[in-house]
Amino acid sequence: MSGIAAIPVIDISAEGTDEAQIAKELVDAAVEYGFVYVKNTGRDISVEQVENAFNVSRALFSSPLEDKQRCKIEKNNRGWSGMHTETLDPKTQRVGDFKEGFNFGDFVNGKATQPIPRSIEPHQAEIAAFGEACHTLCRRLMLLFGIGLSADPPDFFTKAHSPDEPSGSTLRFLYYPPPSATPEAKDSDVRAGAHSDYGSVTLLFRLKGQAGLEILTPDNKTWAPVPVCPPGTENDPSPPILVNIGDLLSYWTNGLLRSTVHRVTFGGPGGANGAGPTTGESTADPRYSIAYFCHPVATTRLTAVPSERVEKFQGSLDDAEAGNPYAERKVLTADEHLQMRLQATYLQLYSGEGK
Ligand SMILES: O=C(O)CCC(=O)C(=O)O
Ligand SMILES: [Fe+2]
């Protein structure tokens, strides 16, 4: 068991904040941990919006099975994935992830452009608005990363994330059944296999008390739990939004910003290979989380960002050797990269195709 990850907590919207200072703190956290907590005081995404999204998620996953199956995930990465459908770490996992997921793509005029379960039909406009708020926050973070890296121009990343062009950006609801519902799980099984995220940046919303997320610490040797409410945020109106760097920001920066490997465990007492839950958190209950995977416009080529600091940085190979096989930058388009990652983890969906 190792200590909790000392991921910094940053308030990017506090009154009178110095943008350059915030940008520096964000870049420092991304370089060291690949993760940062953004304090959620309701200014970026309202507390009610987050609560409502979790309510809609509960309704969605408790829909009748046939209704969810009607919306099964397709190669466009939209729709419902049932237990074990995704295997985030196929080299290590005995069976797929112990979770269900639902990926939302584009909404047009507040209506989904994909099949959705009946229970959430009345909530489409709210889900659309939540996804838009997430994308806006991600673009703001991109600008801060650009400023913090002295990129030329500073909006290099932001411009690649126009909301008006097709991209792999995905709002995803996640449901991990309680361990009591999966007695077949073995000690070595995990709720979500070890992986790095595929996009540029991910926003992760979690619920107080629900443990399970762990990161591979920067020395790449131990798993450390990532508490939902780190010290100093206990009394905030909503837990902080956990932001993590995905593969694409890592490619763009030659590995300077870390796309850190993470997973979700059952976290029993010293159990599995879990680091064990943090005080006040448990994995006994069903677990819900919401991720917003922000991706650049699909045709974006992943060439290095013009930044002196990035040009001088020579760490990408080290990172690739130290546990994240996707850390080494290759010049692909954003969409080529996404297709490569999906084929590696949705084993049945792509079975029979050259992997
Ligand atoms: O549910 C979580 O806390 C993390 C999920 C995750 O890492 C992912 O879906 O990429
Ligand atoms: Fe992830």
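Cut-offs applied
- Residues numbered from 1 in each chain as written.
- Chains lettered and ligands numbered in written order.
- Predicted model: local features only at pLDDT ≥ 70, side-chain atom pairs only at ≥ 80, totals over all residues.
- Helix = DSSP H or I, 4+ residues; strand = E, 2+ residues; numbered from the N terminus.
- Rg over C-alpha atoms; globule rule 2.2 N^0.38 Å.
- Buried ≥ 20, exposed ≤ 12 C-beta atoms within 10 Å, placed from the backbone.
- Contact = placed C-beta atoms within 7 Å.
- Pairing = 2+ DSSP bridges.
- Axes fitted to C-alpha atoms, helices over the stretch in contact; angles between N-to-C directions.
- Core = buried A, V, L, I, M, F, W, Y, C linked by C-beta atoms within 7 Å.
- Near = placed C-beta within 6 Å.
- Nonpolar A, V, L, I, M, F, W, Y, C, P; charged D, E, K, R; others polar.

**Section: the overall build of the protein chain**
Next, step 1: The helix and strand tally for the protein chain stands at nine helices and 14 strands.
Next, step 2: Computed over its C-alpha atoms, the radius of gyration of the protein chain comes to 19 Å, within 12% of the 20 Å expected for a compact globule of 355 residues.
Next, step 3: Dimensions of the protein chain, computed from the C-alpha atoms along their principal axes, are close to 55 × 50 × 50 Å.
Next, step 4: For the protein chain, with 355 residues in total, the buried portion stands at 47%.
Next, step 5: Considering only contacts in the protein chain between residues 6 or more positions apart, those separated by 24 or more positions represent 78%.

**Focus: the pairing of strand β10 (residues 213-216)**
Next, step 1: Judged by which residues are buried, β10 turns out to be covered on both faces: Leu213 and Ile215 on one side and Glu214 and Leu216 on the other are all buried.
Next, step 2: With three bridges connecting them, β10 and strand β11 (residues 223-225) associate as antiparallel partners. Counted as the bridge partner of Leu216 is Trp223 from β11.

**A closer look at the environment of Asp335**
Next, step 1: Along the chain, Asp335 turns up in helix α9 (residues 334-345).
Next, step 2: For Asp335, a count of 17 C-beta atoms within 10 Å gives the class partly exposed.
Next, step 3: Each C-alpha atom, one on Asp335 and one on Val297, is 8.1 Å from the other, the two residues being 38 residues apart in sequence.
Next, step 4: Filtering out sequence-adjacent residues up to four positions away, Asp335 remains in contact with Gly168, Ala298 and Thr299.

**Here we look at the sheet that holds strand β7 (residues 170-176)**
Next, step 1: Pairing is mixed across the open sheet formed by eight strands, whose spatial order is β1-β2-β12-β9-β14-β7-β4-β3. Since the sheet does not close on itself, it has two edges, and those belong to β1 (9-10) and β3 (79-81), each with one partner.
Next, step 2: Examined bridge by bridge, β1 and strand β2 (residues 35-38) share two bridges and lie parallel to one another. Across the sheet, the residue bridging to Ile10 is Val38, located in β2.

**Points about the sheet that holds β10**
Next, step 1: With respect to topology, four strands assemble into an open sheet ordered β8-β13-β10-β11, the strand pairing being antiparallel. If you trace the sheet from one side to the other, it starts and ends with β8 (190-195) and β11, each paired once. The sheet shows a mean angle of 30° between the axes of neighbouring strands, taken without regard to direction.
Next, step 2: Two elements, β10 and strand β13 (residues 262-265), share three bridges in a ladder whose sense is antiparallel. Considered in β13, the bridge of Glu214 is made with Arg263.

**Details of the nonpolar core**
Next, step 1: Counting residues in each nonpolar core, the largest one holds 83 residues, and the members touching the most others are Leu26, Ala30, Val36, Phe145 and Leu203.
Next, step 2: Here the element with the most residues in this core is helix α4 (residues 124-148); it accounts for ten residues.
Next, step 3: If near-sequence neighbours (up to four positions away) are discounted, Leu26 is found in contact with Ile10, Val36, Leu144, Phe145 and Gly148.

**Thoughts on the site of ligand 1**
Next, step 1: Close to ligand 1 lie Leu174, Ala192, Asp197, Leu204, Arg206, Leu213, His262, Val264, Ser289 and Ala291, which account for all nearby residues.
Next, step 2: For the shell around ligand 1, the secondary-structure elements that each account for two or more residues are β9 (201-206), β13 and β14 (287-294).
Next, step 3: Taken together, the residues of the shell around ligand 1 sort by class into six nonpolar, two polar and two charged.

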